[in-house]
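Listed below, chain by chain, are the residues.
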Amino acid sequence: MQDLGREHMIIIGASHGMLRWFADDLPADSVVLIEEPDVIGRRDVDRLAEQMPFISRLVAAEYQTGLDADALIAREPGLAAARLVMPGTEWAVGATARLADALGLPGAGSAAADIFTDKHRMRLLAAKVGLANPAFELVDDPAAAAAFARRHGGRCVLKPTRRSGSLGVQILDDPQDVADAWAETADPADTPEVVDRGLPTAVLVEQVLDGREHSVELLVADGEVFFGNVTDKRVLLGRRPVESGHTVPTLLPDDARQALLDAATRLGRAAGFRTGVLHSEWIMVDGVPTLVECAARLPGDMITALISIAYECGFIEAYLRTLRGERPTLPTRTTGGAAVEFLVAPPGTVNTIEGVRAARRVAGVLNVQFDVTVGASVGEVTNSLARSGHVMAWGVDPTEATSAAAKAAEQIQIVTG
C-alpha cells in the first residue's frame, strides 16, 4: 500500500487473523484501531496492537450496539485526518458506515449497512425488488417455527437475524426438533469479538433450499460495480451447514455466472450500497439465483486470498484503494484456479496431528494451517470458528485446484481421544 502518512486508516473491530494479514502490507503507524472496551480487556488487544507496527494507537469505544460518530470524533479529533474507514468484523459494519458518513469518506452508507446486518430486513428488500427468496417468517417462539416447518414439507432453517459465520444456523428435518434446537438460534453462544453485554437478535425461520451454494464478491465505487467474482462453496452436510471449502473461479457456465452477478448487483443497488465490498451468498434453484445471505464487508474463509491467487491481483489492496475513493483496475478473467478445504477434527482432546508433511508435498498446495494444537479440546463444528484449520491450493483451473486441496486435506489426520 502507498504510504499516505500517519493514521490515514481506521479499522473498527478486527479479528486477530485479519490484523496479521495486514502486518506485512501496511506502513508503520498508519492505522487507528477502534475496539470495544471489554473486548480489549478480554482479548488482550492492547498487547496485540503493540506487537504490530502498523497500528499507531488503540481507541476504546462502544460501537457494536450503536455508535455516536460525532461524539467519537469530538473525543478523538485526530480521526478526522483519516483517508478511509473499514470494518474488521460483521459487528463493525454499521459503525463503520456511520463514521465514514460523519467524516465524509467513502463507505457502504448507513442505510445499506443496516439492511445487510439484519437478515430479515435483507429478505424484505429482496422480496420487494423481485429477487428470489426462500419462504421466510420472523418468529418469536418455537411453536411458530414448527408450524412454518409443517407448512413447508416438515423441514426448516433456523437462523439468527444478526450473527455471522453460520453461528446459530440450523437445518432441521422434523418440526418436533424445533423446541430443543430453539435456544441455540435464539440465544447463540457468541464469538470472542462480541461484547459481554450481548447483541440483540431475532429468529428467522426459512424454507430449506436444496442445491449448490455460491457466493458473489463485488467491488463497488459510488454505486457502480467495477469487479465481480463468483465463488463455488461447499458446506458440511447435516444440521449445521458450516462452510467446508471454496473454489475460485466458479465452474458454473457463463450464463449462470452472469445471472448471479446480475442478482447481486440488483440487491446492492436496491439497498443503496455505495462503496466497498458486497459479499452475497446464493443457491441456484431451477436455474434462478435464490438469496441465502449478504454482508457489506470483506468475505471471510480465505475467499479474498483465493481471488488474489486466481486473478493474480491484490484484492485487499484494491478494496482499500476503493475505500480511499479510487477505482483500481482489476483483471476481468482468472489465470488459474484456487481452492481452500477446511479441516474438521472429531470432537475430543487433540492427541496428535499426522500427515502434515505429506499434505505439503501435494502438487499445488500453497498453505497448510492449523487452528488447534496438541492438547486442545475440540468440539462439534457449529460455526466457522470451530473448524480445525485449512489447506489452500492452486491449479491451472478450478478443478485442479479443488482436487489438490482435497487431496492434501485427506493426508491429514487430527487424532482426538
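Remember, it's a predicted structure, so these values are computed and weren't measured experimentally.

Conventions and cut-offs
- Residues numbered from 1 in each chain as written.
- Predicted model: local features only at pLDDT ≥ 70, side-chain atom pairs only at ≥ 80, totals over all residues.
- Heavy atoms only, no water.
- Helix = DSSP H or I, 4+ residues; strand = E, 2+ residues; numbered from the N terminus.
- Rg over C-alpha atoms; globule rule 2.2 N^0.38 Å.
- Buried < 20%, exposed > 50% of the residue type's maximum accessible area, 1.4 Å probe, protein only.
- Contact = heavy atoms within 4.5 Å.
- Arc of directions from axis to C-beta.
- Core = buried A, V, L, I, M, F, W, Y, C linked by side-chain atoms within 4.5 Å.
- Salt bridge = Lys/Arg side-chain N within 4 Å of Asp/Glu carboxyl O.
- Pairing = 2+ DSSP bridges.
- Axes fitted to C-alpha atoms, helices over the stretch in contact; angles between N-to-C directions.
- Left-handed = near helix turned anticlockwise from the far one by under 90°.
- Nonpolar A, V, L, I, M, F, W, Y, C, P; charged D, E, K, R; others polar.
- Phe/Tyr/Trp six-rings, centres within 6.5 Å; stacked < 30°, edge-to-face > 60°.
- Patch = residues over 30% accessible without salt bridge, like charges linked within 9 Å, V, L, I, M, F, W, Y side chains within 5 Å.
- Areas by Shrake-Rupley, 256 points an atom, 1.4 Å probe, with all protein chains shown as cover.

Asker: Explanation requested: the overall build of the chain in the structure shown.
Answerer: What the chain contains, in helices and strands, is 14 helices and 19 strands. Here the chain has a C-alpha radius of gyration of 21 Å; the compact-globule value for 417 residues is 22 Å, and the two agree. For the chain, the C-alpha atoms occupy an extent of roughly 55 × 50 × 45 Å along the three principal directions. Looking at the chain as a whole, 56% of its 417 residues qualify as buried. By sequence separation, contacts in the chain at least 24 residues apart represent 69% of the contacts at least 6 residues apart.

Asker: Which parts of the structure should I look at to understand the environment of R43?
Answerer: The topology assignment puts R43 in helix α2 (residues 37–43). Along the sequence, R43 and E193 sit 150 residues apart, while their C-alpha atoms lie 8.1 Å from each other. Setting aside chain neighbours within four positions, we find R43 in contact with H16, P192 and E193.

Asker: Would you mind showing me how to read helix α9 (residues 178–186) here?
Answerer: Turn by turn, an α-helix covers 3.6 residues, leaving residues three or four places apart pointing in a common direction. Among all positions in α9, only V178, A181, W182 and T185 are buried. One side of α9 carries all its buried residues, which in axial view fall inside an arc of 130°. The inward-facing, buried residues of α9 contact β5 (136–139), α8 (142–151), β6 (156–160), β7 (170–172) and β8 (203–206).

Asker: Which parts of the structure should I look at to understand the nonpolar core?
Answerer: A general tendency of soluble globular proteins is for nonpolar side chains to be buried together. Grouped together as the largest cluster of nonpolar side chains are 41 residues, with contacts concentrated most on M9, F22, M86 and L320. Of all elements in the fold, only β1 (9–14), α1 (16–22), β2 (31–35), α3 (45–50), β4 (84–88), α11 (303–311), α12 (315–323) and β14 (337–343) reach the threshold of two or more residues within this core. Once residues lying within four places of it in the same chain are set aside, the contact partners of M9 are F22, L26, S30, V31, V32, L84, M86 and L320. Within the second largest apolar cluster, 29 residues are counted, among which are V93, I115, L125 and A256.

Asker: Just checking my understanding: could you explain the pattern of salt bridges for this structure?
Answerer: A pair can form between side chains of opposite charge whenever their charged atoms are brought close. Scanning all chains against the criterion turns up 22 salt bridges. Put simply, E137 and R151 hold a salt bridge, and the shortest N to O gap is 2.9 Å. You can see E137 sitting in strand β5 and its partner R151 sitting in helix α8, a full 14 residues away along the chain. Here D301 makes a salt bridge to R387, at a shortest N to O gap of 2.4 Å.

Asker: Is there a simple way to think about the sheet that holds β7 in this case?
Answerer: Hydrogen bonds along the backbone pair up the strands of a sheet, which may run parallel or antiparallel. Taking strand neighbours across the sheet as the criterion, the four strands line up as β5-β8-β6-β7 in an open arrangement whose pairing is antiparallel. Of all strands in the sheet, those with a lone pairing partner are β5 and β7, marking the two edges. Taken over all neighbouring pairs, the strand axes of this sheet differ in orientation by 25° on average, direction set aside. Where α8 meets the sheet, it contacts β5, β6 and β8, and its direction lies at approximately 165° from that of β5.

Asker: For this particular structure, what's the right way to read helix α5 (residues 93–103)?
Answerer: Burial analysis of α5 places eight of its eleven residues in the buried class, the great majority of the element. Inspection of α5 places V93, G94, A95, T96, A97, L99, A100 and L103 among the buried residues, and these make up the whole buried set. Positive phi appears at G104, one or two residues downstream of α5, with a value of about 70°.

Asker: Help me out: how do you make sense of the packing of α8 against α9 in this one?
Answerer: Packed helix pairs are characterised by how far apart their axes lie and by the angle those axes make with each other. At their nearest, the axes of α8 and α9 sit 9 Å apart, and the two run at 115° to each other. Relative to α9, the crossing made by α8 is right-handed. Residue-level contacts link P142, A145 and A146 of α8 to V178, A179 and W182 of α9. Broken down by class, the residue content of the contact of α8 with α9 amounts to six nonpolar, no polar and no charged.

Asker: How should I be thinking about the packing of aromatic side chains in this particular structure?
Answerer: Geometry of an aromatic ring pair is reported as the spacing of the ring centres plus the angle between the planes. In this structure the tally under the stated criterion is two aromatic pairs. Seen from their ring centres, F227 and Y311 are 5.1 Å apart, and the 70° between their planes marks the pair as edge-to-face. Of this pair, F227 sits in strand β10 (residues 224–235) while Y311 sits in helix α11; the two residues are 84 residues apart in sequence, bridging distant segments of the chain. Residues F227 and Y311 agree in their burial class; the two are buried. Centroid distance F227 to F315: 5.8 Å. Interplanar angle 50°. Geometry classified as tilted.

Asker: For this particular structure, what's the right way to read unusual backbone geometry?
Answerer: Trans peptide bonds make up the majority, and among non-glycine residues the majority have a negative phi. Cis geometry marks the peptide bond from V248 to P249; its omega dihedral reads 0°. Relative to the assigned elements, P249 resides in the loop between β11 (243–248) and α10 (254–271). Positioned with a positive phi, E312 is a non-glycine residue whose angle comes to about 50°. One can find E312 in the loop between α11 and α12.

Asker: I'm lost on a nonpolar patch on the surface in this one. Help?
Answerer: A surface patch of nonpolar side chains, amounting to about 280 Å² of accessible area, comprises L366, W394 and V396. As for its position among the elements, L366 is in strand β16 (residues 365–370). A relative accessible area of 48% means that L366 is categorised as partly exposed.

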